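Coordinate inspection notes
Chain residues, written in single-letter form:
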Amino acid sequence: SYSALIAALIIFSSFFSITAVPLLGALPEARIRNDFRWIRKVYVGVLRSNITFSIVVAAGLWLFGSELFAVWYQGKVNPSGAILKYSGLYFVLLSLEVTNFSFLSSLGHIRISSIFLAIKAILFVGLFLFLSNPVMMQLPFVLLILTNFLFSAIPLTVISWRSMRA
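Attention in this report is confined to the structure presented alongside it. What you see is a predicted model; the values in this text were computed from it and never measured. Along each chain, residue indices are assigned from 1 in the same order as the chain's sequence is written. Where local features are concerned, this predicted model is filtered to residues with pLDDT of at least 70; where side-chain atom pairs are given and counted, the filter is 80 or more; whole-chain, interface and lining totals use all residues. For side-chain calculations, the full set of non-hydrogen atoms in the structure is used, while hydrogens and water are omitted.

**Quick word on the packing of aromatic side chains**
Under the convention used in this document: Planes of paired rings set the category: under 30 degrees apart is stacked, over 60 is edge-to-face and the rest tilted, where pairs are Phe, Tyr or Trp rings (Trp by its six-membered ring) whose centres lie within 6.5 Å. Runs of H or I in DSSP of at least four residues are treated as helices and runs of E of at least two as strands, each being numbered from the N terminus. A 1.4 Å probe rolled over the protein chains alone gives each residue an accessible area, and that area as a share of the maximum for its type sets the label: buried under 20%, exposed over 50%, partly exposed in between.
A full pass over the atoms with the stated rule returns nine aromatic pairs. Centre to centre, the rings of phenylalanine 16 and phenylalanine 53 are 6.3 Å apart; their planes meet at 85°, and the pair counts as edge-to-face. With phenylalanine 16 in helix H1 (residues 2-20) and phenylalanine 53 in helix H3 (residues 36-72), this pair connects stretches of sequence that are 37 residues apart. Residue classification places phenylalanine 53 among the partly exposed residues on the basis of a relative accessible area of 23%. Among the aromatic side chains, those forming a connected cluster through ring pairs are Phe15, Phe16, Phe53 and Phe91.

**Observations regarding the nonpolar core**
Here is the rule: Joining through side-chain atoms within 4.5 Å is the link that ties buried Ala, Val, Leu, Ile, Met, Phe, Trp, Tyr and Cys residues into a set, and such a set is a nonpolar core. By the convention used here, residues are in contact when the closest approach between their heavy atoms is within 4.5 Å.
Counting 35 residues, the largest nonpolar core has Leu5, Ile39, Leu61, Phe69, Tyr90 and Phe141 as its most contacted members. Broken down by secondary-structure element, the contributors of at least two residues to this core are H1, helix H2 (26-32), H3, helix H4 (81-106) and helix H6 (139-163). Considering each element in turn, this core owes the most residues, nine residues, to H3. If we ignore the near neighbours within four places in the chain, the residues touching tyrosine 90 are Leu9, Phe141, Leu144, Ile145 and Asn148.

**Brief notes about the pattern of salt bridges**
Threshold: Salt bridge, as used here: a side-chain nitrogen of Lys or Arg that lies within 4 Å of a carboxyl oxygen of Asp or Glu.
Overall, the coordinates contain three salt bridges when judged by the stated rule. A salt bridge links arginine 33 to glutamate 29; the shortest N-O distance between them is 3.1 Å. Taking relative accessible area as the criterion, arginine 33 reaches 49% and is therefore assigned partly exposed. Linking arginine 33 and aspartate 35 is a salt bridge whose minimum nitrogen-to-oxygen distance equals 3.3 Å. When salt bridges that share partners are traced, they join Glu29, Arg33 and Asp35 into one network.

**Observations regarding the packing of H3 against H4**
What counts is decided by this rule: Only the stretch in contact is used when a helix axis is fitted, and all axes are lines through C-alpha atoms; the angle between N-to-C directions ranges over 0 to 180 degrees. Angles are sorted into four bins: roughly parallel if under 35 degrees, roughly antiparallel if over 145, roughly perpendicular if 65 to 115, and oblique for all others. Each crossing is labelled by how the near helix is turned from the far one, with a counterclockwise turn of less than a right angle marking it left-handed and a clockwise turn marking it right-handed. In this classification, Asp, Glu, Lys and Arg are treated as charged, Ala, Val, Leu, Ile, Met, Phe, Trp, Tyr, Cys and Pro as nonpolar, and every other residue, Gly included, as polar.
Between H3 and H4, the least distance of the axes is 8 Å, while the angle of their chain directions is 160°. Considering the angle they form, H3 stands roughly antiparallel to H4. Like other packed secondary-structure pairs, H3 and H4 cross with a definite hand, here right-handed. Tallied by class, residues from the contact of H3 with H4 come to 19 nonpolar, nine polar and one charged.

Encoded structure:
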């Protein structure tokens, strides 16, 4: 169930690239011109569209996930309601992560972004190995949510807003 959900989330997350990548070339130029007003406007627009899309996907997983996976995997994969809810919440946080990382990278802050994402990944793997329990199937998503929130959603959003000050 876990790998099937991750595969679905990876497919859906391509939307985040569609909204952010076309703007990545213009952001460094706007920064050189000190056009932080335009950068903030674009950032808010992309963030709004990515969060809206992720909420729609999360709601779809919560409401129709079991049926979708039953059709997609012909009844062989049946994720529980809890895993579907956790994966939906993780997807919303992922929209923040991808948007912030894209903007921060374009604005010349790739190092600090990469450090936070590396800490997140190391912490996730460490906690998963330490707490691994075959009975608690939702553990990977709980840990993804926790590490994403603490080491991606909060710090990268704060850094993004601070980097857009005039």
